[in-house]
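# Secondary and tertiary structure notes
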Amino acid sequence: MAAGYLDILRARHAARLLTGTLVGRLPNGTAPIAIVLFTRAEGGGYALAGALAAVYGLGTAVGQPLLGRAVDLYGQPRVQLPAAVLSALGMTLLAVAGFGSLPLAYGAVALAGVATPPLEGGLRALWPSVLGSEDRVHRAYAMDAVAQEVMFTVGPLLVTLLVSLWSPAAALLVINAIGVLGALSVVLSEPSRTWRSAPREAHWLGALRSPGLLALLGSFFFVGLALGSITVAGVAYADDHGRDSVYGWLMAALGLGALIGGAVYGARQWSGPPERRLRVIVALLALGYLPLTLTPGVVAMTVLAGVAGVFLAPAIACSFIVVDRHAPRGTVTEAFSWLVTTFGVGAAAGTAVAGPAVELGGTAWSFAVAGAGGVAALLVLLATGRVLAAPGHSAVAVRGSENDRNGAVEPGFSSGHQA
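Notes on the structure in this doc start here. Per-chain numbering applies: the sequence of each chain, read as written, is numbered from 1 onward. In view of the model being predicted, local features appear only for residues whose pLDDT reaches at least 70, and side-chain atom pairs are presented and counted only at 80 or more, with totals across whole chains, interfaces and linings using the full set of residues. Neither water nor hydrogens contribute to the side-chain values; these are computed over all heavy atoms in the structure.

## Points about the environment of V146
Our working definition: Working definition: helices are DSSP H or I runs of at least four residues, strands are E runs of at least two. Numbering for both runs from the N terminus. Contacts are assigned to residue pairs that have any heavy atoms within 4.5 Å of one another.
For V146, the position within the fold is in helix α8 (residues 134-165). For the pair V146 and F320, spaced 174 residues apart in sequence, the C-alpha to C-alpha distance is 13 Å. When neighbours within four sequence positions are excluded, V146 is seen to be in contact with L259, G262 and A263.

As structure tokens, then:
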């Protein structure tokens, strides 16, 4: 299992790009819990915390595809670093100004969300030119998903540690400063500086003209909804048990489960269409979320959270392959950014719904939102099976200049960008 991942990490630039992207995405990965804890510390309720987290998620949803399209048009350094700085300034404004002016607080969170750099989509655009072969790129997708779960495991613990050592405001400032350094590391690397997107057809819909991509995004909206609701539900569960640290353990267990699942998934080569495999994985993901509504004691709940996370990273890794098969030529960063956007919108909806659900029906109701989201994600995949079964291009490698993202890809590898 480890040998395949080590082979990827030994490739030139791979470890730097992966690490820099994860560090650069730390503010985005920890924003929901950081905003909730900051709001609660300032005397705000769950409804306000959920609303602010939702605004951040919606801001990310708006910004990611726009910035992703800008990356495809103008390259990574011109977009990624300025966006990272602007996003950090937004969170800094929230931490310094607090809630003396609610419109200012909402504006600061919106700026932070809209300016979130599309590092995630940018990394996936770089993998083919860095790694070269289809098998290595697909394994890198799985490793990418696993590494994200490390971030989502360590991130909440880091936020809670910073809160306990200093304050929620300090946690916001430190996390976002670290994020800027991560983005800087990525854009200064040679692959990021020299990467250029494949030529694209001028079309106002961009990547969204692909029916298969739209079907996938519809499903992963509900996966995002499930994850967003768990953010608020976990805090409510921790409050019920009188310890803030309980939240960190629940999120760590969820991330650890996903890490294990993703590592196992990426260690083997899969046959058959990835669209069919994705339906099975999402079905198992939905089954994992439903028992959380039982809200048992802390130990049992932590175990359930770990089980619920097992199929998350495999679902994400498989979705990367599906995106690659359905995205129109020349829209690589934008297409992956739309996946991030869908997660952001779904997570925003989840946090917005879960907050009132806690106040109306208790913690179990907020976890029920997660279960419903998993089921809905599966239903979308089942309903759009025919569309997903027909990728919008043939499996022919694109050969281009040394700056073309597919220039180093071996013959026969479908890069996902044939019209």
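Read on for the rest.
## Some details on the packing of aromatic side chains
Note the cut-off: When two rings of Phe, Tyr or Trp (its six-membered ring) have centres within 6.5 Å they constitute a pair, described as stacked for plane angles under 30 degrees, edge-to-face for angles over 60, and tilted for the intermediate range. Any residue under 20% of the maximum accessible area for its type is buried, any over 50% is exposed, and the rest in between are partly exposed; the area is computed with a 1.4 Å probe on protein chains only.
Applying the stated criterion across every chain, the model contains six aromatic pairs. With a centroid separation of 5.2 Å and an interplanar angle of 25°, the aromatic rings of Y265 and W270 are classed as stacked. Pairing F320 with F336 gives two aromatic rings, centres 6.1 Å apart and planes at 80°, and the pair type is edge-to-face. Of this pair, F320 sits in helix α15 (residues 312-326) while F336 sits in helix α16 (residues 332-361), placing them 16 residues apart in sequence. Since its relative accessible area comes to 1%, F320 is described here as buried. Look at F336 and you get buried, because its relative accessible area is 0%. Every member of this aromatic cluster is reached through a ring pair, and the members are Y141, F320 and F336.

## What about the packing of helix α4 (residues 46-74) against helix α5 (residues 77-97)?
Note the following rule: In this description, a line fitted to the C-alpha atoms serves as the axis of each element, helices being fitted only across the stretch in contact, and the angle between N-to-C directions of two axes falls anywhere from 0 to 180 degrees. Should an angle fall under 35 degrees it is taken as roughly parallel, and over 145 as roughly antiparallel, whereas 65 to 115 is taken as roughly perpendicular and any remaining angle as oblique. Helix crossings get a hand from a simple test, with the near helix turned counterclockwise from the far one by less than a right angle marking a left-handed crossing and a clockwise turn marking a right-handed one. Asp, Glu, Lys and Arg are counted as charged, while Ala, Val, Leu, Ile, Met, Phe, Trp, Tyr, Cys and Pro are counted as nonpolar; the rest, among them Gly, fall into the polar class.
The contact between α4 and α5 brings their axes to 9 Å, and the two run at 160°. Classified by the angle their axes make, α4 and α5 are roughly antiparallel. Along this stretch, α4 crosses α5, giving a crossing that reads as right-handed. Contacts between α4 and α5 involve Y56, L67, A70, V71 and Y74 on the former and, on the latter, R78, V79, Q80, A83 and M91. Among the residues forming the contact of α4 with α5, the class breakdown is eight nonpolar, one polar and one charged.

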